[in-house]
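What follows is the residue order along each chain.
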There are 2 protein chains.
Amino acid sequence: MATAKARAIASISHAPGETLLAKFARGLGDPTRLRILQLLLDRPRSVSEIIDHLSMPQSRVSNHLACLKWCGYVATERQGRVIIYRVIDRRMRAVIELIREIVADNAAHIASCARIGD
Amino acid sequence: MATAKARAIASISHAPGETLLAKFARGLGDPTRLRILQLLLDRPRSVSEIIDHLSMPQSRVSNHLACLKWCGYVATERQGRVIIYRVIDRRMRAVIELIREIVADNAAHIASCARIGD
DNA sequence: GCAATATATCAGGTTATCTTGATATGATCT
DNA sequence: AGATCATATCAAGATAACCTGATATATTGC
């Protein structure tokens, strides 16, 4: 019952403005962040592991990880020297898969959109 | 049977790279485009109608509409003087709703992310 | 404490994206 | 045809986002 009330209150605080929605979308709007998310959806990984997989400068990976953490999609845990990142919002997998499906059927269209670069 | 083969071929062309996924996400990453999509998910509308709702310069709305059309999310149909836009990919509603849910539970986090502006 | 390892942060230059105003296209009406 | 209405396109300036290299922080092992 308290749960229902809590849900109701939460539901009011829902309905975020388009500004925030857009910000979320831009969060997914970077190929590097998507690759990182994909790796983390596979399983939790340390930063070095991600860097190895992506073959990118460390600062670049670290910056994108910070972004993902800031947005609350991933969390960190220190294990000795290394820091392990993992996805904490289960729905991230669903969004990415849904997007992947849509893109699969619109690849040519999307690729041709000149207002958005590659 | 030809259909099955076609599907198989299509399925190979599936699995789009992160670059295209990211491009899609950036397509949703603009508040104006999201507002337009929301209006069009409500029902098909003419350009003028959208302009009225958004109170924005005509060229701005038109540019964003072009982007949405380019990506294959909306289609147009001329009716006399006006041009009617409507959403053609049913999944657009699902993506936006899913994103809305995630953002609702992460609003504070996302808002605080300094790597992405408002 | 000191060196080494792992990760984070920051500033500067570069590129991408958004916005605006002006102009172009295209259809309708008289 | 000419005028008008509806929409599209383009160029230029402003802003946002990305990348890199250098530096900072934090933990472990000696």
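In case you missed it, the structure is sitting above this.
Residues numbered from 1 in each chain as written. Chains lettered and ligands numbered in written order. Predicted model: local features only at pLDDT ≥ 70, side-chain atom pairs only at ≥ 80, totals over all residues. Heavy atoms only, no water.

### Concerning the protein's contact with DNA strand D
Next, step 1: The environment of DNA strand D is formed by 25 residues, the closest being Arg26(A), Ser48(B), Gln58(B), Tyr85(B) and Gly117(B).
Next, step 2: Restricting attention to atoms of DNA strand D within 4 Å of the protein, one finds that 69% of them are sugar or phosphate atoms.
Next, step 3: For DNA strand D, a base nitrogen lies 3.4 Å from a polar atom in the side chain of Asn63(B).
Next, step 4: Grouping the amino acids of the surface near DNA strand D by side-chain chemistry returns six nonpolar, 11 polar and eight charged. (Near = heavy atom within 4 Å. Polar contact = N/O pair within 3.5 Å; in protein donor to acceptor, adjacent residues only side chain to side chain. Nonpolar A, V, L, I, M, F, W, Y, C, P; charged D, E, K, R; others polar.)

### Side note on the relation of the copies chain A and chain B
Next, step 1: Rotating chain A by 180 degrees and moving it 0.0 Å along the rotation axis overlays it on chain B with an RMSD of 0.0 Å. In symmetry terms, the pair is related by a two-fold rotation axis.
Next, step 2: A share of 98% of the interface residues of chain A reappears at the interface of chain B, consistent with the copies meeting face to face through the same patch. (Least-squares fit on C-alpha atoms with pLDDT ≥ 70 in both. Contact = heavy atoms within 4.5 Å.)

### Some remarks on the interface of chain A and chain B
Next, step 1: At the interface, 52 residues of chain A touch 52 residues of chain B.
Next, step 2: Summed over both sides, the interface of chain A with chain B buries roughly 5,300 Å², with 70% coming from carbon and sulfur.
Next, step 3: On the chain A side of the contact with chain B, Lys23(A), Trp70(A) and Arg115(A) bury the most area, a combined 13% of that side's loss.
Next, step 4: Taken together, the links from chain A to chain B amount to four salt bridges.
Next, step 5: Counting every contact that joins chain A to chain B gives 20 residue pairs in polar contact (both at pLDDT 80 or more).
Next, step 6: For the side of chain A that touches chain B, the leading source of residues is helix 6 (residues 91-112) of chain A, giving 18 residues.
Next, step 7: By residue class, the composition of the side of chain A that touches chain B is 28 nonpolar, 11 polar and 13 charged. (Buried area = accessible area lost by both parts, 1.4 Å probe. Salt bridge = Lys/Arg side-chain N within 4 Å of Asp/Glu carboxyl O. Helix = DSSP H or I, 4+ residues; strand = E, 2+ residues; numbered from the N terminus.)

### Observations concerning the packing of aromatic side chains
Residues and elements named next belong to chain A.
Next, step 1: Under the counting rule described, the total for this entry stands at two aromatic pairs over all chains.
Next, step 2: Note on phenylalanine 24 and tyrosine 73: the rings are 5.4 Å apart at their centroids and 75 degrees apart in plane angle, and the pair reads as edge-to-face. Of this pair, phenylalanine 24 sits in helix 2 (residues 18-28) while tyrosine 73 sits in the loop between helix 5 (58-70) and strand 2 (74-79); the two residues are 49 residues apart in sequence, bridging distant segments of the chain. (Phe/Tyr/Trp six-rings, centres within 6.5 Å; stacked < 30°, edge-to-face > 60°.)

### Some thoughts on helix 6 (residues 91-112) of chain B
At 3.6 residues per turn, the α-helix brings residues three or four places apart onto the same side.
Next, step 1: For helix 6 of chain B, with 22 residues, the first-to-last C-alpha span of 29 Å sits near the 32 Å given by 1.5 Å per residue.
Next, step 2: In this structure, the buried residues of helix 6 of chain B make contact with helix 2, helix 5 and helix 6 of chain A together with helix 2 (18-28), helix 3 (31-42) and strand 3 (82-87) of chain B. (Expected span 1.5 Å × (residues − 1).)

### Looking at the protein's contact with DNA strand C
Next, step 1: Near DNA strand C, the surroundings consist of 25 residues, among which Ser48(A), Gln58(A), Tyr85(A), Gly117(A) and Arg60(B) are the closest.
Next, step 2: Backbone atoms, meaning sugar and phosphate, form 67% of the atoms of DNA strand C found within 4 Å of the protein.
Next, step 3: Within the side chain of Tyr85(A), a nitrogen or oxygen atom sits 2.6 Å from a phosphate oxygen of DNA strand C.
Next, step 4: Between a phosphate oxygen of DNA strand C and a side-chain N or O atom of Arg33(B), the distance comes to 3.0 Å.
Next, step 5: Every element with two or more residues in the surface near DNA strand C is listed here: helix 4 (47-54), helix 5 and strand 3 (82-87) of chain A together with helix 5 (58-70) of chain B.
Next, step 6: Of the residues that constitute the surface near DNA strand C, the class distribution is six nonpolar, 11 polar and eight charged.

### Comments concerning the side chain of Arg33(A)
Next, step 1: Here Arg33(A) lies in helix 3 (residues 31-42).
Next, step 2: For the buried Arg33(A), no salt bridge exists, and the shortest N-O distance to an oppositely charged side chain is 4.6 Å, to Asp30(A).
Next, step 3: A polar contact is formed between the side chain of Arg33(A) and the side chain of His64(A), at a distance of 3.1 Å.
Next, step 4: Leave out the neighbours within four places in its chain, and Arg33(A) touches Arg26(A), Gly27(A), His64(A), Cys67(A), Leu68(A), Arg115(B) and Ile116(B). (Buried < 20%, exposed > 50% of the residue type's maximum accessible area, 1.4 Å probe, protein only. Lys, Arg positive; Asp, Glu negative; His and termini not counted.)

### Describing the sheet that holds strand 3 of chain B
Residues and elements named next belong to chain B.
Next, step 1: Spatially, the three strands line up as an open sheet ordered 1-3-2, and their pairing is antiparallel. The open sheet has two free edges, formed respectively by strand 1 (45-46) and strand 2 (74-79), since each of these has just one partner strand.
Next, step 2: Bridge analysis of strand 1 against strand 3 gives two bridges, and the strand direction is antiparallel. Residue arginine 45 lies in a different strand from strand 3, and its bridge partner there is tyrosine 85. (Pairing = 2+ DSSP bridges.)

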